[in-house]
Amino acid sequence: MSGPPPGAARDGDDAGVVARSLEQPEVFALLYDRYAADIHRYAARRLGDGAADDITADTFLTAFRIRSRYDLTRANARPWLYGIAGNLIGKQRRTEVRALKALARTGRDPVAASWGDSWVEEADSRIAAQGPLAGALAALSAGDRNVLLLVAWADLTYQEVAEALDIPVGTVRSRLNRARRKVRSALGADPAFVHDAAEVA
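From a predicted model like this one, the values you see are computed outputs, not experimental measurements. (Residues numbered from 1 in each chain as written. Predicted model: local features only at pLDDT ≥ 70, side-chain atom pairs only at ≥ 80, totals over all residues. Heavy atoms only, no water.)

Q: I'd love a proper account of the nonpolar core, names of residues and values included.
A: Of all hydrophobic cores here, the largest spans 52 residues; its most connected members are Trp 80, Tyr 82, Leu 137 and Leu 150. It is helix α3 (residues 29–47) that provides the largest number of residues to this core, a total of 8 residues. When residues no more than four places from it in sequence are discounted, the contact partners of Leu 150 are Tyr 42, Tyr 82, Asp 155, Leu 156, Val 161, Ala 164 and Leu 165. (Core = buried A, V, L, I, M, F, W, Y, C linked by side-chain atoms within 4.5 Å. Buried < 20%, exposed > 50% of the residue type's maximum accessible area, 1.4 Å probe, protein only. Helix = DSSP H or I, 4+ residues; strand = E, 2+ residues; numbered from the N terminus. Contact = heavy atoms within 4.5 Å.)

Q: Which residues make up the environment of Tyr 42, and what values do they have?
A: With respect to the secondary-structure elements, Tyr 42 resides in helix α3. Looking at Tyr 42, the relative accessible area reads 2%, which means it is buried. When the C-alpha atoms of Tyr 42 and Ala 52 are compared, they prove to be 8.0 Å apart, with 10 residues separating the residues in sequence. Those residues in contact with Tyr 42 that lie beyond four places of it in its chain are Tyr 82, Ile 89, Asn 146, Leu 149, Leu 150, Trp 153 and Ala 154. Among the polar contacts made by the side chain of Tyr 42, one reaches the side chain of Arg 46 at a distance of 2.7 Å. (Polar contact = N/O pair within 3.5 Å; in protein donor to acceptor, adjacent residues only side chain to side chain.)

Q: Describe the packing of aromatic side chains, listing the residues and the values that go with them.
A: This structure, assessed with the given rule, holds 4 aromatic pairs. Here Tyr 42 and Tyr 82 contribute two aromatic rings whose centre-to-centre distance is 5.3 Å and whose plane-to-plane angle is 80°, an arrangement assigned as edge-to-face. Residue Tyr 42 is found in helix α3, and its partner Tyr 82 is found in helix α5 (residues 78–90); the two are separated by 40 residues along the sequence. The same class applies to Tyr 42 and to Tyr 82, which are both buried. When the ring centre of Phe 64 is taken as reference, the NZ or CZ atom of Arg 67 above it lies at 3.9 Å. (Phe/Tyr/Trp six-rings, centres within 6.5 Å; stacked < 30°, edge-to-face > 60°. Lys NZ or Arg CZ within 6 Å of the ring centre and 35° of its normal.)

Q: Could you give me a rundown of the pattern of salt bridges, with the residues and numbers involved?
A: On inspection of all chains with the given rule, the structure shows 6 salt bridges. Its salt-bridge partner being Arg 41, residue Asp 38 comes within 3.0 Å of it at the nearest N-O pair. Here the residue Asp 38 and the residue Arg 41 both occupy positions in helix α3, the gap between them amounting to 3 residues, near one helical turn. One salt bridge in this structure joins Glu 163 and Arg 74, with 4.0 Å as the shortest N-O distance. In this pair, Glu 163 is assigned in helix α11 (residues 158–165) and Arg 74 in the loop between α4 (49–65) and α5, connecting sequence segments 89 residues apart. A residue is classified by how much of its surface remains accessible, and Glu 163, at 22% relative accessible area, is partly exposed. If you follow the salt bridges from partner to partner, you end up with Asp 71, Arg 74 and Glu 163 in one network. (Salt bridge = Lys/Arg side-chain N within 4 Å of Asp/Glu carboxyl O.)

Q: Lay out a negative patch on the surface in plain terms, naming residues and giving numbers.
A: On the surface, a cluster of negative charge is made up of Asp 49, Asp 53, Asp 54 and Asp 58. Considering the arrangement of structural elements, one finds Asp 54 in helix α4. (Patch = residues over 30% accessible without salt bridge, like charges linked within 9 Å, V, L, I, M, F, W, Y side chains within 5 Å. Areas by Shrake-Rupley, 256 points an atom, 1.4 Å probe, with all protein chains shown as cover. Lys, Arg positive; Asp, Glu negative; His and termini not counted. Charge placed at Lys NZ, Arg CZ, Asp CG, Glu CD.)

Q: Kindly report on the packing of α3 against α5, identifying the contributing residues and their values.
A: At a minimum axis separation of 11 Å, α3 and α5 run at an interaxial angle of 30°. Between α3 and α5, the interaxial angle falls into the category roughly parallel. Considering only the axes of α3 and α5, their crossing is right-handed. Each of Tyr 35, Asp 38, Ile 39, Tyr 42, Ala 43, Arg 46 and Leu 47 in α3 lies in contact with α5, whose residues at this interface are Arg 78, Leu 81, Tyr 82, Ala 85 and Ile 89. (Axes fitted to C-alpha atoms, helices over the stretch in contact; angles between N-to-C directions. Parallel < 35°, antiparallel > 145°, perpendicular 65-115°, else oblique. Left-handed = near helix turned anticlockwise from the far one by under 90°.)

Below, the structure written as C-alpha coordinates:
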(Lines give C-alpha, C1' and ligand atoms only; values in the text may rest on other atoms or scores of the structure.)
Protein backbone atom coordinates (compact mmCIF):
# COMPACT_ATOMS: atom_id res chain seq x y z
CA MET A 1 0.00 0.00 0.00
CA SER A 2 1.50 3.32 -0.99
CA GLY A 3 1.40 6.38 1.29
CA PRO A 4 -0.14 9.73 0.49
CA PRO A 5 1.58 11.92 -2.08
CA PRO A 6 4.13 14.43 -0.78
CA GLY A 7 2.44 17.38 0.91
CA ALA A 8 -0.86 15.55 1.39
CA ALA A 9 -0.20 14.82 5.06
CA ARG A 10 0.05 18.51 5.83
CA ASP A 11 -3.08 19.22 3.80
CA GLY A 12 -5.02 17.49 6.56
CA ASP A 13 -3.92 19.92 9.27
CA ASP A 14 -4.84 23.57 9.42
CA ALA A 15 -1.24 24.80 9.45
CA GLY A 16 -0.69 23.06 6.14
CA VAL A 17 -3.78 24.72 4.70
CA VAL A 18 -2.63 28.15 5.85
CA ALA A 19 0.87 27.56 4.48
CA ARG A 20 -0.46 26.44 1.10
CA SER A 21 -2.89 29.35 0.96
CA LEU A 22 0.03 31.76 0.86
CA GLU A 23 0.77 30.48 -2.65
CA GLN A 24 -2.75 29.31 -3.52
CA PRO A 25 -5.22 31.68 -1.82
CA GLU A 26 -8.25 29.59 -2.80
CA VAL A 27 -7.03 26.78 -0.50
CA PHE A 28 -7.96 28.95 2.50
CA ALA A 29 -11.60 28.06 1.78
CA LEU A 30 -10.90 24.68 3.42
CA LEU A 31 -10.69 26.42 6.81
CA TYR A 32 -14.00 28.10 6.13
CA ASP A 33 -15.55 24.74 5.29
CA ARG A 34 -14.17 23.22 8.50
CA TYR A 35 -15.02 25.93 11.00
CA ALA A 36 -17.56 28.45 9.68
CA ALA A 37 -20.57 26.65 11.16
CA ASP A 38 -18.93 26.47 14.60
CA ILE A 39 -17.90 30.12 14.55
CA HIS A 40 -21.38 31.14 13.40
CA ARG A 41 -23.07 29.12 16.15
CA TYR A 42 -20.77 30.63 18.79
CA ALA A 43 -21.32 34.19 17.54
CA ALA A 44 -25.07 33.59 17.35
CA ARG A 45 -25.13 32.42 20.97
CA ARG A 46 -23.40 35.63 21.98
CA LEU A 47 -24.95 38.23 19.66
CA GLY A 48 -27.89 36.68 17.78
CA ASP A 49 -28.24 35.35 14.24
CA GLY A 50 -28.09 38.66 12.38
CA ALA A 51 -24.79 39.72 13.92
CA ALA A 52 -23.41 36.17 13.65
CA ASP A 53 -23.48 36.33 9.86
CA ASP A 54 -21.29 39.44 9.92
CA ILE A 55 -19.00 38.12 12.66
CA THR A 56 -18.44 34.86 10.76
CA ALA A 57 -17.69 36.64 7.49
CA ASP A 58 -15.39 39.16 9.20
CA THR A 59 -13.61 36.40 11.13
CA PHE A 60 -12.60 34.57 7.96
CA LEU A 61 -11.84 37.77 6.07
CA THR A 62 -9.55 38.92 8.89
CA ALA A 63 -7.95 35.47 9.14
CA PHE A 64 -7.31 35.47 5.40
CA ARG A 65 -5.72 38.92 5.53
CA ILE A 66 -3.39 38.05 8.40
CA ARG A 67 -2.70 34.42 7.49
CA SER A 68 0.98 35.14 6.83
CA ARG A 69 1.35 35.79 10.59
CA TYR A 70 -0.21 32.45 11.57
CA ASP A 71 2.05 30.31 13.79
CA LEU A 72 2.60 27.26 11.58
CA THR A 73 3.69 25.20 14.59
CA ARG A 74 0.02 25.12 15.64
CA ALA A 75 -1.63 22.37 13.62
CA ASN A 76 -5.14 23.41 14.70
CA ALA A 77 -6.40 26.86 13.60
CA ARG A 78 -9.63 26.59 15.60
CA PRO A 79 -8.38 28.58 18.65
CA TRP A 80 -6.93 31.25 16.34
CA LEU A 81 -10.27 31.65 14.58
CA TYR A 82 -12.18 31.80 17.88
CA GLY A 83 -9.73 34.44 19.06
CA ILE A 84 -10.45 36.57 15.99
CA ALA A 85 -14.19 36.05 16.43
CA GLY A 86 -13.90 36.96 20.11
CA ASN A 87 -12.15 40.22 19.27
CA LEU A 88 -14.88 41.09 16.79
CA ILE A 89 -17.59 40.15 19.30
CA GLY A 90 -15.83 42.31 21.89
CA LYS A 91 -16.37 45.31 19.67
CA GLN A 92 -20.10 44.67 20.04
CA ARG A 93 -20.03 44.20 23.82
CA ARG A 94 -23.09 46.38 24.41
CA THR A 95 -25.12 44.26 21.99
CA GLU A 96 -24.07 41.08 23.78
CA VAL A 97 -24.87 42.45 27.24
CA ARG A 98 -28.27 43.68 26.00
CA ALA A 99 -29.03 40.22 24.56
CA LEU A 100 -28.03 38.51 27.82
CA LYS A 101 -30.20 40.88 29.84
CA ALA A 102 -33.14 40.18 27.51
CA LEU A 103 -32.59 36.46 27.99
CA ALA A 104 -32.49 37.03 31.75
CA ARG A 105 -35.88 38.76 31.56
CA THR A 106 -37.62 36.31 29.21
CA GLY A 107 -35.85 33.05 30.00
CA ARG A 108 -35.92 32.13 26.30
CA ASP A 109 -32.85 31.62 24.13
CA PRO A 110 -33.94 32.17 20.49
CA VAL A 111 -30.71 30.68 19.17
CA ALA A 112 -31.11 27.45 21.13
CA ALA A 113 -34.71 27.17 19.99
CA SER A 114 -33.63 27.23 16.34
CA TRP A 115 -31.15 24.33 16.64
CA GLY A 116 -32.35 20.86 15.82
CA ASP A 117 -29.97 18.69 17.81
CA SER A 118 -31.77 17.19 20.80
CA TRP A 119 -28.72 17.37 23.07
CA VAL A 120 -28.35 21.08 22.30
CA GLU A 121 -32.04 21.66 22.96
CA GLU A 122 -31.86 19.75 26.21
CA ALA A 123 -28.78 21.63 27.44
CA ASP A 124 -30.11 25.00 26.38
CA SER A 125 -33.55 24.40 27.88
CA ARG A 126 -31.81 23.98 31.22
CA ILE A 127 -29.90 27.23 30.64
CA ALA A 128 -32.84 29.20 29.26
CA ALA A 129 -35.03 28.09 32.14
CA GLN A 130 -32.72 30.00 34.44
CA GLY A 131 -32.98 33.65 33.45
CA PRO A 132 -30.60 34.57 36.27
CA LEU A 133 -27.79 32.76 34.44
CA ALA A 134 -27.99 35.18 31.54
CA GLY A 135 -28.04 38.06 34.01
CA ALA A 136 -24.96 36.64 35.72
CA LEU A 137 -23.18 36.33 32.37
CA ALA A 138 -24.05 39.93 31.54
CA ALA A 139 -22.56 41.05 34.86
CA LEU A 140 -19.19 39.37 34.24
CA SER A 141 -16.23 41.36 32.97
CA ALA A 142 -15.59 40.91 29.26
CA GLY A 143 -12.41 38.92 29.94
CA ASP A 144 -14.07 36.54 32.38
CA ARG A 145 -17.11 36.08 30.12
CA ASN A 146 -14.90 35.36 27.09
CA VAL A 147 -13.02 32.61 28.92
CA LEU A 148 -16.16 31.05 30.38
CA LEU A 149 -18.04 31.02 27.08
CA LEU A 150 -15.10 29.71 25.07
CA VAL A 151 -14.96 26.75 27.45
CA ALA A 152 -18.73 26.28 27.85
CA TRP A 153 -20.07 27.16 24.39
CA ALA A 154 -17.12 26.66 22.04
CA ASP A 155 -15.85 23.59 23.94
CA LEU A 156 -12.23 24.78 23.83
CA THR A 157 -9.63 23.34 26.18
CA TYR A 158 -7.79 25.64 28.58
CA GLN A 159 -4.76 25.57 26.27
CA GLU A 160 -6.92 26.44 23.25
CA VAL A 161 -8.54 29.33 25.15
CA ALA A 162 -5.06 30.58 26.05
CA GLU A 163 -4.09 30.46 22.37
CA ALA A 164 -7.35 32.10 21.27
CA LEU A 165 -7.00 35.01 23.69
CA ASP A 166 -3.20 35.15 23.67
CA ILE A 167 -3.00 34.85 27.45
CA PRO A 168 -1.22 32.36 29.75
CA VAL A 169 -3.04 29.16 30.74
CA GLY A 170 -2.81 30.29 34.37
CA THR A 171 -4.81 33.40 33.49
CA VAL A 172 -7.41 31.21 31.78
CA ARG A 173 -7.73 29.13 34.94
CA SER A 174 -8.04 32.13 37.25
CA ARG A 175 -10.58 33.92 35.01
CA LEU A 176 -12.62 30.73 34.66
CA ASN A 177 -12.54 30.09 38.39
CA ARG A 178 -13.62 33.69 39.13
CA ALA A 179 -16.38 33.57 36.49
CA ARG A 180 -17.72 30.27 37.83
CA ARG A 181 -17.73 31.61 41.40
CA LYS A 182 -19.63 34.74 40.35
CA VAL A 183 -22.15 32.78 38.31
CA ARG A 184 -22.73 30.28 41.12
CA SER A 185 -23.18 33.10 43.59
CA ALA A 186 -25.68 34.85 41.29
CA LEU A 187 -27.61 31.58 41.01
CA GLY A 188 -27.76 31.24 44.78
CA ALA A 189 -25.16 28.51 45.24
CA ASP A 190 -22.49 28.94 47.87
CA PRO A 191 -19.29 28.83 45.77
CA ALA A 192 -17.28 27.70 48.81
CA PHE A 193 -19.19 24.42 48.93
CA VAL A 194 -19.60 23.64 45.24
CA HIS A 195 -16.84 21.49 43.75
CA ASP A 196 -16.35 21.34 40.00
CA ALA A 197 -13.95 18.67 38.80
CA ALA A 198 -13.37 20.64 35.61
CA GLU A 199 -11.65 23.37 37.62
CA VAL A 200 -8.80 21.05 38.49
CA ALA A 201 -8.49 19.61 34.97
